[in-house]
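Read off the chains here:
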Amino acid sequence: TSNPSYPNAIGINYAEIDMSLNGGQGSVISKFNILKDTSNSEKLTAVRHANGQDIWLIGHEYGNNRFFVYKITSAGIDTIPQFYALGPEINTWQPGIPASSRYDAIGEMKASPDGTKLAFTTYYNGYSAVFSFDKSTGVISNPIALDISGSGYGLTFSPDNNLLYIGRMDTISTGGLP
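Reading the values: the criteria
Residues numbered from 1 in each chain as written. Predicted model: local features only at pLDDT ≥ 70, side-chain atom pairs only at ≥ 80, totals over all residues. Heavy atoms only, no water. Helix = DSSP H or I, 4+ residues; strand = E, 2+ residues; numbered from the N terminus. Buried < 20%, exposed > 50% of the residue type's maximum accessible area, 1.4 Å probe, protein only. Contact = heavy atoms within 4.5 Å. Areas by Shrake-Rupley, 256 points an atom, 1.4 Å probe, with all protein chains shown as cover. Phe/Tyr/Trp six-rings, centres within 6.5 Å; stacked < 30°, edge-to-face > 60°. Lys NZ or Arg CZ within 6 Å of the ring centre and 35° of its normal. Pairing = 2+ DSSP bridges. Axes fitted to C-alpha atoms, helices over the stretch in contact; angles between N-to-C directions. Patch = residues over 30% accessible without salt bridge, like charges linked within 9 Å, V, L, I, M, F, W, Y side chains within 5 Å. Salt bridge = Lys/Arg side-chain N within 4 Å of Asp/Glu carboxyl O. Core = buried A, V, L, I, M, F, W, Y, C linked by side-chain atoms within 4.5 Å. pLDDT = per-residue confidence, 0-100.

A. Inspection of the overall build of the protein chain at higher detail. Each helix and strand counted, the protein chain has one helix and 13 strands in total. Moving toward the C terminus, one meets the helices and strands of the protein chain in the order β-β-β-β-β-β-β-α-β-β-β-β-β-β. Sorting the 178 residues of the protein chain into buried and exposed places 36% on the buried side. Expressed as a percentage of contacts within the protein chain between residues at least 6 apart in sequence, the contacts between residues at least 24 apart total 44%. Accessible surface, the protein chain: about 9800 Å² in total, of which carbon and sulfur atoms supply 52%.

B. Local environment of the packing of aromatic side chains. Across all of its chains, the model carries five aromatic pairs by this definition. With 6.4 Å between their ring centres and 80 degrees between their planes, Trp56 and Phe133 make a pair best called edge-to-face. Of this pair, Trp56 sits in strand E4 (residues 55-61) while Phe133 is found in strand E10 (residues 127-133), placing the two residues 77 residues apart along the sequence. Ring centres 6.1 Å apart and planes at 55 degrees place the aromatic pair Phe67 and Phe120 in the tilted group. Of the two residues, Phe67 is situated in strand E5 (residues 64-73) and Phe120 in strand E9 (residues 117-121); the sequence distance between them amounts to 53 residues. Each of the two residues, Phe67 as well as Phe120, counts as buried. Seen from the ring of Phe68, Lys36 lies directly overhead, with NZ or CZ sitting 4.7 Å from the centre. If you follow Arg66 out to its NZ or CZ, it ends over the ring of Phe83, 3.8 Å from the centre.

C. Structural context of the sheet that holds E9. Pairing is antiparallel across the open sheet formed by four strands, whose spatial order is E8-E9-E10-E11. Looking along the sheet, the strands with just one partner apiece sit at the ends: strand E8 (109-111) and strand E11 (140-147). If you compare each strand with its neighbour and ignore which way they point, the axes differ by 20 degrees on average. Inspection of the sheet shows E10 paired to E11 by six bridges, in the antiparallel sense. Across the sheet, Phe133 pairs through a bridge with Ile140, a residue of E11.

D. Highlighting a nonpolar patch on the surface. Among the surface-exposed residues, Ile17, Met19 and Val28 lie close enough to one another that they form a single nonpolar patch of about 300 Å² accessible area. For Ile17, a relative accessible area of 52% corresponds to the exposed category.

E. Up close: unusual backbone geometry. Backbone geometry places Phe32, a non-glycine residue, at a positive phi of 60 degrees. Among the secondary structure elements, Phe32 is positioned in strand E2 (residues 27-36). Of note in this structure, Asn142 is not a glycine but carries a positive phi near 55 degrees.

F. Main features of the nonpolar core. Ile58, Phe67, Leu118, Phe120, Phe131, Phe133 and Ile140 are the most contacted members of the largest nonpolar core, which has 18 residues in total. Broken down by secondary-structure element, the contributors of at least two residues to this core are E4, E5, strand E7 (82-90), E8, E9 and E10. For Phe120, the contacting residues outside a window of four places in its chain are Lys43, His60, Phe67, Pro88, Ile90, Glu108, Met109, Tyr127, Ser128, Ala129, Phe131 and Leu155. In this structure, Ile12, Leu57, Phe68 and Tyr70 belong to the second largest nonpolar core, which totals five residues.

G. Layout of the side chain of Thr45. Take Thr45: it is sitting in strand E3 (residues 40-48). In contact with Thr45, other than residues within four places in its own chain, are Trp56, Leu57, Ile58, Met109, Lys110, Ala111 and Leu118.

H. Layout of the confidence of the model for the protein chain. Residue-level pLDDT values for the protein chain average 85, and 84% of them are 70 or greater. Note that residues 174-178 has pLDDT below 50 and, in this model, two contacts with residues that lie over four places away or in other chains.

If you want it as structure tokens, here you go:
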């Protein structure tokens, strides 16, 4: 559904800020620029490109196993993403209310501090996985599914890139269940 205060705020949107304006404080020069439609999950992160200047914007769609990767340079956002279909499908598959809830769209995706790994977890089913990420090309590969035996939401890598921590909880109840 749309928000009447922000009629063009659907999917992934972005604003452009010119930092040379307003005495160096910056000023918004455009907003509510639509980048992608609404088939996205909450999983969105950024990794600095291997060149040390550009940025990779990485997200995951809902209802499938497809990542999307946008390159951001000083010239702006490349509005045509790369897609990678691998790893677990992010979809709330149970019958009834959970299936229509999109609960598995909820949950984090993060990159390791060195930008060579990505990981995500989901809220309802606890679908979790780790992937390799190439900071030079934006390619996502080598999925490793993780069984955390419950729901996830937050996750983070250790500063040395060797450990992944996932905040796990018991699966949420939809009412009337023990």
